[in-house]
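Topology and contacts: notes
Spelled out, the chains give:
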Amino acid sequence: MLDPRALRRDPELIAKALSKRGNAFDLTSYRELETTRHDLQTELENLQHERNEISKAIGQAKGDGLDIEPLKLSVREIGFRLDVVKQEFAKVRDELSAFLLSIPNVPHESVPAGEDEDDNLVLYERGEIPSFNFEAKDHVNLAPSFLDIELAAKISGSRFSVLRGPLAKLQRSLTQFMLDVHVEQHGYEEVYVPYIVNASSMTATGQLPKFAHDAFQVQHTEPMYLVPTAEVPVTNFVRDEILAADELPMKFVAHTPCFRSEAGSYGKDTRGIFRQHQFEKVELVHVASPDDSWDAFEELLGNAEAILKMLELPYRASVLCGGDLGFAAAKTVDLEVWLPSQKRYREISSVSNFLDFQARRAQARFRRRAGERPELVHTLNGSGLAVGRALIALMENYQNGDGSFCIPDVLRDYMGGVDSLKLVAPLSD
RNA sequence: GGAGAGGUGGCCGAGUGGUCGAAGGCGCUCCCCUGCUAAGGGAGUAUAGGCAAUCCCUAUCGAGGGUUCGAAUCCCUCCCUCUCCGCCA
């Protein structure tokens, strides 16, 4: 959520800043709502004040043994009027808050203008794109019977997968490796978190109310949601908390499955496990002081890149343009890994600084010094990395032409010493 | 699933329908005293909103309704936590 005070002070400025996203900010209805809210609130508070005064007087009169009936009568009209105004105010307040919750974050000044991913700005490329003297197979053809989409379709439906044997182990090894690096080398605390969250958590990080259709909802005593990313449960650690300055920065790493409905992506990336309703991700989350969040951003990006470097996968980094920027983010840098079968880079990590946008929704604050007013923290996160996509990238970039692919050095211990896999032969069971 | 207890400020914990935003304690901040690995004394210390505003006003005692001139306090619904029993990975 944007700062309501900043918005009130200069709505034009915010509208202009949001236009970088191609987001039309409705100044007219905002002004109308805000004016109505202000008028109603003033009237409401005045009425409440009057009522409080008289009620206080009644209390005193009663104590003094005086007749309180005339006073009661005088407060009656106020009560009626109050009921009406209270209702009107509640309605406008709810409308305004729904309006505010649906406004995306203001893009940082370094974010390029643009409509979609074609307008993203490539920062740099790293690693060496492999040159094969054979036709590169894609990940499906490299492990046909170990990656069973049909079986998953029977069990669940489209966009699910079953991984078998060594392929399942390889995905687990990747996960383990990433967690270990972030904990042992980058100073993160590993956390294990719920995979189902409540509506308040989803609202705090920005998935709700606007993007309900992207999430899987679970019906319980109240509506709950399968986590679309560990960002949701982990960032919500600090919801409604007032932290001490020395508790910052907080750095968490969590491995979770992620669930996305992928509504609106029909026909897109339908082959293999590239875009699934359920996928594994290792996520990094920072809770930072506002002074340090851009440093934290660089650190996070470096931490995610470190995994790609250690796996020796070719990748590039791009700043997302305004139009491609996620709802809550002020700035995002995507890491994209080279996929030989597609002969292009594809997203494997997304690193974002949300500034105080999520923190305001979450009321996540800290105190610089004891006795001072609490301030909103800054939140950031980044994939470190998307495990399923890392699996694809590894298989494809390390393929040898005979259907086998090598296991990168850093994973060999996790794989029990295995240095290559050949999974093109049918599964024998 | 059954039975019970409870949700109050950074924490613990009082609270009779009326001057309670809330006693007391702890913690924290500042000051004083003392000069020595301690203690004592004083003052302050919730959040959000309105306003140019220190002041002032409004709201908030798990959430939402209700009763009442007035609700932390009474009633209803929901959520959560804890204890015991049952079941269970």
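So, on to the packing of helix α7 (residues 165-184) against helix α10 (residues 293-310). Geometry of a packed helix pair, given as the angle between the helix axes and the separation of the axes. At a closest axis distance of 11 Å, the pairing of α7 and α10 adopts a crossing angle of 130 degrees. Judged by the inter-axis angle, α7 sits oblique to α10. For the pair α7 and α10, the sense of crossing is right-handed. For the pair α7 and α10, the contacting residues are Phe177, Met178, Val181 and His182 in the first and Asn303, Ile307 and Met310 in the second. When the residues that make up the contact of α7 with α10 are grouped by side-chain class, the tally is five nonpolar, two polar and no charged.

Another point: the protein's contact with RNA strand B. Near RNA strand B there are 24 residues, and of these Arg8, Gln41, His49, Gln60 and Ala370 occur at the shortest range. A distance of 2.7 Å separates a sugar or linking oxygen of RNA strand B from a polar side-chain atom of Gln41. The separation between a base nitrogen of RNA strand B and a polar side-chain atom of Glu45 is 3.2 Å. Here the element with the most residues in the surface near RNA strand B is helix α3 (residues 27-63); it accounts for 13 residues. Grouping the amino acids of the surface near RNA strand B by side-chain chemistry returns four nonpolar, nine polar and 11 charged.

Pairing is mixed across the open sheet formed by three strands, whose spatial order is β8-β14-β15. The sheet terminates laterally at β8 (242-244) and β15 (375-376), the two strands that pair on one side only.

Next up on the list: α7. With 20 residues, α7 ought to run about 28 Å at 1.5 Å a step, and its terminal C-alpha atoms sit 28 Å apart, in line with that. Within the sequence span of α7, burial applies to Leu167, Leu170, Gln171, Ser173, Leu174, Thr175, Phe177, Met178, Leu179, Val181 and His182.

A few words now on the packing of aromatic side chains. The description of an aromatic ring pair rests on the distance of the ring centres and on the angle between the ring planes. In total, this model carries 11 aromatic pairs according to the counting rule given. Aromatic pair Phe25 and Tyr30: ring centres 5.8 Å apart, planes at 45 degrees, arrangement tilted. The pair formed by Phe25 and Tyr30 is uniform in burial state, with each residue classed as buried. Members of the aromatic cluster, connected to one another through ring pairs, are Phe25, Tyr30 and Phe99. A cation over a ring is seen here: Lys251 above Tyr188, with NZ or CZ 4.8 Å from the ring centre.

Take a negative patch on the surface next. Residues Glu115, Asp116, Glu117, Asp118, Asp119 and Glu347 make up a contiguous surface patch of negative charge. Looking at where Asp119 falls in the secondary structure, it is placed in the loop between α4 (69-101) and β1 (121-126). On the accessibility criterion, Asp119 (34% relative accessible area) is partly exposed.

Before going further, it helps to spend a moment on helix α2 (residues 11-18). The set of residues buried in α2 consists of Pro11, Ile14, Ala15 and Leu18. One side of α2 holds all its buried residues, which, seen down the axis, span an arc of 100 degrees. Away from its buried face by more than 90 degrees, α2 exposes Leu13 and Lys16. Buried residues along α2 sit in contact with α1 (4-9) and α3.

Strand order in the open sheet made by the three strands is β5-β7-β6, with antiparallel pairing throughout. A strand with exactly one partner marks an edge of an open sheet, and here the two such strands are β5 (196-198) and β6 (217-219). Each strand axis lies, on average, 40 degrees off the axis of its neighbour in the sheet, ignoring direction. Relative to strand β7 (residues 223-226), β6 runs antiparallel, the two sharing three bridges. Looking at the pairing, Gln219 lines up with Pro223 of β7.

Residue placement: Leu44 occurs in helix α3. Counting along the chain gives 42 residues from Leu44 to Lys86, while the straight-line C-alpha distance between them is 6.6 Å. Sequence-distant contacts of Leu44, that is, excluding residues within four places in its chain, are made with Leu82, Val85, Lys86 and Phe89.

In this section: the layout of surface pockets. Estimated volume of the second largest pocket: approximately 280 Å³. Together, Met1, Asp3, Arg5, Arg360, Arg361, Gln363, Arg365, Arg373, Pro374 and Leu376 line the second largest pocket. When its residues are assigned to classes, the lining of the second largest pocket shows three nonpolar, one polar and six charged.

For the peptide bond that leads from Leu208 to Pro209, omega is 5 degrees, which places it in the cis range. Following Gly384, the chain continues to Leu385 via a peptide bond in cis, the omega torsion being 10 degrees. Within the element layout of this structure, Leu385 appears in strand β16 (residues 378-386). At Glu312, a position not held by glycine, the phi torsion is positive, near 55 degrees. Positionally, Glu312 belongs in the loop between α10 and β11 (315-319). Judged by its relative accessible area of 55%, Glu312 falls in the exposed class. With a phi close to 50 degrees, Lys343 is a non-glycine residue in the positive phi region. Classification of Lys343 by relative accessible area gives exposed; the value is 56%.

Attention now goes to the confidence of the model for chain A. Across chain A, the average pLDDT comes to 92, with 99% of residues at or above 70. Scored as a whole, the predicted complex attains pTM 0.93, and scored at its interfaces, ipTM 0.84.

The next subject is the pattern of salt bridges. Tallying each qualifying case throughout the model produces 19 salt bridges. The residue Arg275 makes a salt bridge to Asp269 at a minimum N-O spacing of 2.8 Å. Just as Arg275 is buried, Asp269 falls in that class too. Two residues, Asp409 and Arg412, come together in a salt bridge whose shortest N-O distance is 3.3 Å. Placement of both Asp409 and Arg412 in helix α13 (residues 409-412) is noted, with a separation of three residues, approximately one turn of the helix. Linked by salt bridges that have partners in common, Glu262, Asp269, Arg275 and Arg346 make up one network.

About the cut-offs
- Residues numbered from 1 in each chain as written.
- Chains lettered and ligands numbered in written order.
- Predicted model: local features only at pLDDT ≥ 70, side-chain atom pairs only at ≥ 80, totals over all residues.
- Heavy atoms only, no water.
- Axes fitted to C-alpha atoms, helices over the stretch in contact; angles between N-to-C directions.
- Helix = DSSP H or I, 4+ residues; strand = E, 2+ residues; numbered from the N terminus.
- Parallel < 35°, antiparallel > 145°, perpendicular 65-115°, else oblique.
- Left-handed = near helix turned anticlockwise from the far one by under 90°.
- Contact = heavy atoms within 4.5 Å.
- Nonpolar A, V, L, I, M, F, W, Y, C, P; charged D, E, K, R; others polar.
- Near = heavy atom within 4 Å.
- Polar contact = N/O pair within 3.5 Å; in protein donor to acceptor, adjacent residues only side chain to side chain.
- Pairing = 2+ DSSP bridges.
- Expected span 1.5 Å × (residues − 1).
- Buried < 20%, exposed > 50% of the residue type's maximum accessible area, 1.4 Å probe, protein only.
- Phe/Tyr/Trp six-rings, centres within 6.5 Å; stacked < 30°, edge-to-face > 60°.
- Lys NZ or Arg CZ within 6 Å of the ring centre and 35° of its normal.
- Patch = residues over 30% accessible without salt bridge, like charges linked within 9 Å, V, L, I, M, F, W, Y side chains within 5 Å.
- Areas by Shrake-Rupley, 256 points an atom, 1.4 Å probe, with all protein chains shown as cover.
- Salt bridge = Lys/Arg side-chain N within 4 Å of Asp/Glu carboxyl O.
- Lys, Arg positive; Asp, Glu negative; His and termini not counted.
- Charge placed at Lys NZ, Arg CZ, Asp CG, Glu CD.
- Arc of directions from axis to C-beta.
- 1 Å grid on protein atoms, 1.4 Å probe; cavity = no way out; pocket = protein on both sides within 12 Å on 5 of 7 lines; lining within 4 Å.
- Points joined across faces, edges and corners; volume = space filled by probe spheres on them.
- pLDDT = per-residue confidence, 0-100.

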